[in-house]
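Close look at the chain arrangement
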Amino acid sequence: MAMKRTKTPWMKAEDFGRSLPFGVGVNLLVTDMAAMEAFCRDVLGARIIYADEDFAAVELLGSVFMLHADHSYLDNPMTGITSGAETRGAGIELRLYGADPDAVEKKAAALGHIVLAGSIDKPHGLRECYIVGPDGYVFVPSARI
């Protein structure tokens, strides 16, 4: 693992790993940590628990997910999947239940992110939009109608 971290992490990796709740976890591999961290904070309204050049822990709508820089995954099996990939997460929608799609769409557009589909009421009872974030990950903020 290649680390660029210049500061002391807020907790040991093994302690953080043991603190995670049971359930589904999300880890996004990113080419630009600062860009994805800013997108999560400024567009999605996430709280950045901790971030450095290698790793970030992000809280959004009561869930915690992680960002890892590509360089920190050099000896991980995922390296073969992400190297040379133009867009990450093709076919995956990162759905944000309880997020205001209109507000997220407005922030995304103002900051120059791609609004793949604008906010609209859908037949399945949710108002949602599709926003493309850094590295091509698609976020779908959704609110009950």
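Residues numbered from 1 in each chain as written. Predicted model: local features only at pLDDT ≥ 70, side-chain atom pairs only at ≥ 80, totals over all residues. Heavy atoms only, no water.

As recorded in an unreviewed UniProt entry, the protein goes by VOC family protein and comes from Mesorhizobium argentiipisi.

**Overview of the packing of aromatic side chains**
Taken as a whole and assessed by the stated rule, the structure comprises 1 aromatic pair. Where F39 meets F139, the ring centres are 5.2 Å apart and the plane angle is 50°; that geometry is what we call tilted. Placement of the pair is F39 in helix α2 (residues 33–42) and F139 in strand β8 (residues 138–144), with a sequence separation of 100 residues. The pair formed by F39 and F139 is uniform in burial state, with each residue classed as buried. (Phe/Tyr/Trp six-rings, centres within 6.5 Å; stacked < 30°, edge-to-face > 60°. Helix = DSSP H or I, 4+ residues; strand = E, 2+ residues; numbered from the N terminus. Buried < 20%, exposed > 50% of the residue type's maximum accessible area, 1.4 Å probe, protein only.)

**Considerations on the sheet that holds strand β1 (residues 27–30)**
In a beta sheet, neighbouring strands pair by backbone hydrogen bonds and run either parallel or antiparallel. Strand order in the open sheet formed by 4 strands is β1-β4-β3-β2, with mixed pairing between adjacent strands. The open sheet is flanked by β1 and β2 (47–51), the only strands paired with a single partner. Adjacent strand axes in the sheet meet at a mean angle of 25°, parallel and antiparallel pairs treated alike. In this structure, β1 lies alongside strand β4 (residues 63–69), joined through 4 bridges in parallel fashion. Counterpart to N27 in the pairing with β4 is M66. Set on the sheet, α2 makes contact with β1, β2, β3 (55–60) and β4; between it and β4 the angle comes to about 160°. (Pairing = 2+ DSSP bridges. Axes fitted to C-alpha atoms, helices over the stretch in contact; angles between N-to-C directions. Contact = heavy atoms within 4.5 Å.)

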